[in-house]
Amino acid sequence: MRKLTRLPAMMLAIAIMLCSVPCVFAQHRLHNAEEEKIKSYPWMNSSLSPDERADLVLKELTLDEKIDLLHGNGMPGWGKPRPNAYLGNGGAGFVVGVPRLGIPIIQMSDAAYGVRSSAENGRYSTALPSNLASAASWDPQAACEYGALIGRELRAQGYNMTLGGGTNITREPRNGRTFEYMGEDPILAGTLVGNRIKCEQAQHVIGDIKHYAVNDQESGRNEVDSIIGKRALRESDLLAFEIGVAIGNPGAVMCSYNAVNGTFACENKYLLTDVLKDEWKYKGFVLSDWGGTHSTVKASAAGLDNEEPMDDFFGDKLKQAVQAGQVPLSEIDDHARRILRSEFASGIVDSPNGKAVVDVEGGFDTARRIAEQSTVLLKNEHALLPLDPARVKSIAIIGTHADTGMISGGGSAQVDPPGPPHHWQEHVWFPTSPLKAVAAKAPGAKVQFDSGENPASAAALAKNSDVAIVFAHQWQSEGMDLPNLSLPDNQDALIDQVAAANPRTIVVLETGTAVTMPWIDKVSGILEAWYAGSKGADAVANIVFGDVNPSAKLPMTFPRSVDDLPHPKLVTPPPGAQGRLAVMRTGEAKPTFSVNYDEGLKVGYKWYDAENKPVLFPFGYGLSYTTYRYSGLQVTPEGGASVSFDVKNTGARAGAEIAQVYVALPASTGEPPKRLVGWSKVQLNPGESKRVEVKIDPKYLSIFDETANAWKLVPGSYTFMVGGSSQNLPLSHKAELK
Ligand code: BGC
């Protein structure tokens, strides 16, 4: 019996052995043949333009294949997994490709300050300083390194598209996602995000800019209507996107959850077609924020190209709408062509495989360098900083977690530190220990820690130390706004008591946005370190001990009080205004409440300037361990303007000054008192002087003329102002512009 049963098995084994070599070979041949065939397709000719290549593919596609490009296929944890969920890479979503034609799957991952979901997927990602922090460097080159690192780590982890690129300007500093954005000025934000995207895409990932547009608060983000005048919209929130798109040329634009002037952003023809695609000549695709699609025919006609993360509106319903003649095939072709074009333009068709081991050490190095360039020195009484390690005998390190780590920003931006996954909106501390980093810099000093939970014990330690450093934090996340701008958890009282015990107190802020500082006059030093990333503590220690001379400047105003904000009271959804039922009450998706951005053009410093409200720290502010002097301003008004001036390092240390150029437009324009129009980061040795030239784009001197629906440079007298912050502008020059 046994022998009999064994016989067929043996025969099968022999057959497999005999066949294995040629069979495997045959399989290879088949595979290679398939690959060869794909390579021979005309659209695989990389000397053709992405448009030509996309057009060639489009001609081959069936309607089903086209529709398949226009929607996602679910996200882990988002409803029931679809049968093809196994094709995903563990990211926020994927779009099936067209394998028979060599068009790869688009694997998307959130990647605001690093690649998301590494814990769930058993991978590793570097956490860079927050996006807002990186904006404090004012440095397009740093933005480029930021993007390149994220691009490399995305590819290494099997992704070929980022969902980063947050660009919503800081109209409402309590917005829980302020840390994901680039501050309050459209020219600064747009320039930096554009450079980030450019270098991210150079790594062969499809870049993204989001959330288009006016998604300036999280409270009721799915139901809120952002009401804003057209001119204000174009000159503020949209200008940041316009510049980001022009510089970065992202393959994708993510439309936002909210409505703008009555119509949800993902079905808003003015935003998606009139401005983005027609006026800005944007050639990539628009994808909806997750669950931000509300219709089929309307959204498709408005210019939405891809629904994420599912196919509630852009799957069968879209196909039926085409068959019923409600959506023209030309519209479907346009959507599909844009997606294919971005695949070609980003290089993911030509370089489909990028998996690799993440360069952990290289990532640490980049994260530390960017944090060093992003940490803003806000106060330095009696030049307490930098500390001299040879002279300081004892240091008190105070603050919850200051012994073990630094806080990070939450939500879909969250990057995972080593260890198991965290829950949504859990406070996540990166294992970069301020205590250890400071102790390593001052081996001769007694460095002691107190968590600060009991302010009296922290104050006692401070009293017995030469210097006290308090690490204070304010946590932020997607999906919530801050109730105010105060440090939470009794930290103001802690700082008060510590400073009373030892005025040689330095506060290191780990915050996602501005904070108020009732203790400001009592402490000697303040450093704004933001969410400082994987190597934040080393960066802070390098600044505290003077290995690095701080150069960063605030990309947003720090107000004295929330009472000074354009909307002192945060606008929150009224009862019954939230949820799908509320939105669908009339049968058609409609926002349920509104935020009226009636401050219009007056965003950030433009508001405080216009309203004559004193601030705690102005936009563009930041100290250094050296000093700079400005002189010799010249303005040549041609092709916009060319502004040149001298900056001299008048102190004893080498440093980098972010020299800023602002302009006051003619009074007839009705603009706020001044706007940033350019800047240059100048490296200077002690005593060294450099002539700096800043070229100003004519658009940055223009206003948006609603009647003409165009940018217009209003002839008249323009005052150019130059200096080290929006409120310290020693040079000024009037020029007539025609
Ligand atoms: C966020 C987006 C994010 C998406 C995917 C949404 O809730 O608003 O920024 O990219 O989820 O995770």
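Look above for the structure.
Here's a quick rundown of the structure. (Residues numbered from 1 in each chain as written. Predicted model: local features only at pLDDT ≥ 70, side-chain atom pairs only at ≥ 80, totals over all residues. Heavy atoms only, no water.)

Considering the overall build of the chain
Turning to step 1, where the next piece is worked out: Along its length, the chain carries 20 helices and 29 strands.
Turning to step 2, where the next piece is worked out: Expected size for 738 residues packed as a compact globule is a radius of gyration near 27 Å; at 28 Å, the chain falls within 12% of this value.
Turning to step 3, where the next piece is worked out: Referenced to the eigenvectors of the C-alpha coordinate spread, the extents of the chain come out at roughly 90 × 75 × 55 Å.
Turning to step 4, where the next piece is worked out: In the chain, 75% of the contacts between residues at least 6 apart in sequence involve partners at least 24 apart.
Turning to step 5, where the next piece is worked out: For the chain, the exposed surface amounts to about 28100 Å²; the carbon and sulfur share of it is 53%.
Turning to step 6, where the next piece is worked out: Counting 71 positive and 83 negative side-chain charges, the chain places the averaged centre of each group 3 Å from the other. (Helix = DSSP H or I, 4+ residues; strand = E, 2+ residues; numbered from the N terminus. Rg over C-alpha atoms; globule rule 2.2 N^0.38 Å. Contact = heavy atoms within 4.5 Å. Areas by Shrake-Rupley, 256 points an atom, 1.4 Å probe, with all protein chains shown as cover. Lys, Arg positive; Asp, Glu negative; His and termini not counted. Charge placed at Lys NZ, Arg CZ, Asp CG, Glu CD.)

Here we look at the side chain of T191
Turning to step 1, where the next piece is worked out: Residue position: T191 is located in helix α7 (residues 186-201).
Turning to step 2, where the next piece is worked out: Overall, the relative accessible area of 12% leaves T191 in the buried class.
Turning to step 3, where the next piece is worked out: Polar contacts involving the side chain of T191 include one to the main-chain carbonyl oxygen of I187, which spans 2.6 Å.
Turning to step 4, where the next piece is worked out: Those residues in contact with T191 that sit more than four places away from it in its chain are I243, I247 and W679. (Buried < 20%, exposed > 50% of the residue type's maximum accessible area, 1.4 Å probe, protein only. Polar contact = N/O pair within 3.5 Å; in protein donor to acceptor, adjacent residues only side chain to side chain.)

Some remarks on the state of the cysteines
Turning to step 1, where the next piece is worked out: Summed over all chains, the structure comprises two disulfides.
Turning to step 2, where the next piece is worked out: Disulfide pairing is shown between C144 and C199; the S-S distance is 2.0 Å. Measuring handedness by torsion sign, the sulfur bridge of C144 and C199 sits at about -95° and is left-handed. With C144 in helix α6 (residues 140-156) and C199 in helix α7, the pair connects residues that are 55 residues apart, well separated along the chain. (Disulfide = S-S within 2.5 Å.)

Some details on the nonpolar core
Turning to step 1, where the next piece is worked out: If you look at the biggest cluster of nonpolar residues, it comprises 125 residues, and the most contacted ones within it are Y212, F645 and F720.
Turning to step 2, where the next piece is worked out: Among the nonpolar cores identified, the runner-up in size contains 35 residues, and A133, L509, A514 and I526 belong to it. (Core = buried A, V, L, I, M, F, W, Y, C linked by side-chain atoms within 4.5 Å.)

Regarding the side chain of R171
Turning to step 1, where the next piece is worked out: Within the secondary structure layout, R171 lies in the loop between β3 (161-162) and α7.
Turning to step 2, where the next piece is worked out: For R171, a relative accessible area of 5% gives the class buried.
Turning to step 3, where the next piece is worked out: Of note is the side chain of R171, whose polar atom sits 3.0 Å from the backbone oxygen of G600.
Turning to step 4, where the next piece is worked out: Once residues within four sequence positions are removed from consideration, R171 is found in contact with D216, I228, A232, S236, D237, Y597, E599, G600 and V603.

Section: the pattern of salt bridges
Turning to step 1, where the next piece is worked out: This structure, assessed with the given rule, holds 48 salt bridges.
Turning to step 2, where the next piece is worked out: If you follow the salt bridges from partner to partner, you end up with E145, D365, R368, R369 and E372 in one network. (Salt bridge = Lys/Arg side-chain N within 4 Å of Asp/Glu carboxyl O.)

Some details on the packing of aromatic side chains
Within a pair of aromatic rings, the relevant descriptors are the distance that separates the centres and the angle that separates the planes.
Turning to step 1, where the next piece is worked out: Applying the stated criterion across every chain, the model contains 13 aromatic pairs.
Turning to step 2, where the next piece is worked out: Where Y605 meets F619, the ring centres are 4.5 Å apart and the plane angle is 20°; that geometry is what we call stacked. Of this pair, Y605 sits in helix α20 (residues 605-610) while F619 sits in the loop between β20 (615-617) and β21 (628-636), placing them 14 residues apart in sequence. Of the two residues, Y605 and F619, both sit in the buried class.
Turning to step 3, where the next piece is worked out: Cluster of aromatic residues (ring-pair linked, three or more members): W138, Y605, F619, Y662 and W679.
Turning to step 4, where the next piece is worked out: The aromatic ring of Y597 is capped on one face by R171, whose charged end is 5.3 Å from the ring centroid. (Phe/Tyr/Trp six-rings, centres within 6.5 Å; stacked < 30°, edge-to-face > 60°. Lys NZ or Arg CZ within 6 Å of the ring centre and 35° of its normal.)

Here we look at the site of the ligand
Turning to step 1, where the next piece is worked out: Near the ligand you find 15 residues, and of these D110, R177, H211, D289 and E478 are the closest.
Turning to step 2, where the next piece is worked out: H211 places a side-chain nitrogen or oxygen 2.7 Å from an oxygen atom of the ligand.
Turning to step 3, where the next piece is worked out: At a separation of 2.8 Å, an oxygen atom of the ligand approaches a polar side-chain atom of E478.
Turning to step 4, where the next piece is worked out: Alone, the ligand offers 320 Å² of accessible surface; in the complex the protein occludes 95% of this.
Turning to step 5, where the next piece is worked out: Classifying every residue of the shell around the ligand by side-chain character gives six nonpolar, two polar and seven charged. (Near = heavy atom within 4 Å. Nonpolar A, V, L, I, M, F, W, Y, C, P; charged D, E, K, R; others polar.)

So, the packing of helix α2 (residues 50-58) against helix α13 (residues 329-346)
Turning to step 1, where the next piece is worked out: Axis separation between α2 and α13 bottoms out at 8 Å; the angle between their running directions is 130°. Here α2 lies oblique to α13, going by the angle between them. In this structure, α2 meets α13 at a crossing whose hand is right-handed. Across from P50, D51, R53, A54, D55, V57 and L58 in α2, the residues of α13 making contact are D333, A336, R337, L340, R341, F344 and A345.
Turning to step 2, where the next piece is worked out: Considered class by class, the residues forming the contact of α2 with α13 number eight nonpolar, no polar and six charged. (Axes fitted to C-alpha atoms, helices over the stretch in contact; angles between N-to-C directions. Parallel < 35°, antiparallel > 145°, perpendicular 65-115°, else oblique. Left-handed = near helix turned anticlockwise from the far one by under 90°.)

Comments concerning the sheet that holds β21
Turning to step 1, where the next piece is worked out: Across the sheet, three strands lie side by side as β21-β22-β25; this open sheet has antiparallel pairing. Two strands in the sheet have a free side with no partner beyond their single neighbour: β21 and β25 (689-696). The average angle at which neighbouring strand axes cross in this sheet is 20°, direction not considered.
Turning to step 2, where the next piece is worked out: Sheet topology note: the strand β22 (residues 641-649)/β25 ladder contains eight bridges and is antiparallel. Along β25, the bridge assignment pairs F645 with V692. (Pairing = 2+ DSSP bridges.)

Description of the environment of G292
Turning to step 1, where the next piece is worked out: Along the chain, G292 turns up in the loop between β9 (285-288) and α11 (297-302).
Turning to step 2, where the next piece is worked out: The residues touching G292, leaving out its near neighbours within four places in the chain, are Y257, C266 and E308.

Considerations on the sheet that holds strand β5 (residues 224-227)
Turning to step 1, where the next piece is worked out: The mixed open sheet is built from four strands, whose spatial order is β8-β7-β5-β19. Each having just a single partner strand, β8 (263-264) and β19 (593-596) make up the two edges of the open sheet.
Turning to step 2, where the next piece is worked out: When β5 meets β19, the two strands line up parallel, connected through four bridges. The residue of β19 that forms the bridge with I227 is N596.

A look at the packing of helix α14 (residues 360-374) against helix α18 (residues 536-544)
Turning to step 1, where the next piece is worked out: Two elements in contact, α14 and α18, have axes whose closest approach is 8 Å; the angle formed by their N-to-C orientations is 45°. Overall, the two elements α14 and α18 adopt an arrangement that is oblique. As for how α14 packs across α18, the hand of that crossing is right-handed. Note on element contacts: α18 touches α14 through D538, A539, N542 and I543, opposite R368, A371 and E372.

Topic: helix α17 (residues 491-501)
Think of an α-helix as turning once every 3.6 residues; residues three or four places apart then point the same way.
Turning to step 1, where the next piece is worked out: Burial in α17 covers these residues: Q491, D492, L494, I495, V498 and A499. Projected onto a plane normal to the axis of α17, the buried residues spread over an arc of 160° and lie on a single side.
Turning to step 2, where the next piece is worked out: Against β11 (394-398), α16 (455-463), β15 (467-474) and β16 (505-511) lie the buried residues of α17. (Arc of directions from axis to C-beta.)

Re the environment of S226
Turning to step 1, where the next piece is worked out: Counting through the fold element by element, S226 comes out in strand β5.
Turning to step 2, where the next piece is worked out: The spacing of S226 and D216 is 10 residues in sequence and 8.3 Å in space, taken between C-alpha atoms.
Turning to step 3, where the next piece is worked out: Aside from chain neighbours lying at most four places away, what touches S226 is V214, N258, A259, V260, N261, V595 and Y597.
Turning to step 4, where the next piece is worked out: Of the polar contacts made by the side chain of S226, one reaches the backbone oxygen of V214; its length is 2.9 Å.

Structural notes on the pairing of β22
Turning to step 1, where the next piece is worked out: Most of β22 is tucked away: seven of the nine residues are buried.
Turning to step 2, where the next piece is worked out: The turn linking β21 back onto β22 is made up of four residues, and G639 within it adopts a positive phi angle of 55°.

Things to note about α7
Turning to step 1, where the next piece is worked out: A rise of 1.5 Å per residue sets the reference length of α7, with its 16 residues, at 22 Å; its end C-alpha atoms lie 22 Å apart and thus fit the reference within 8%.
Turning to step 2, where the next piece is worked out: Burial of α7 is extensive: 15 of the 16 residues sit out of reach of the surface.
Turning to step 3, where the next piece is worked out: The N-capping residue of α7, defined by a side-chain oxygen 2.9 Å from the backbone nitrogen of I187, is D185. (Expected span 1.5 Å × (residues − 1).)

Note that all results are geometric; they support no functional claim without further evidence.
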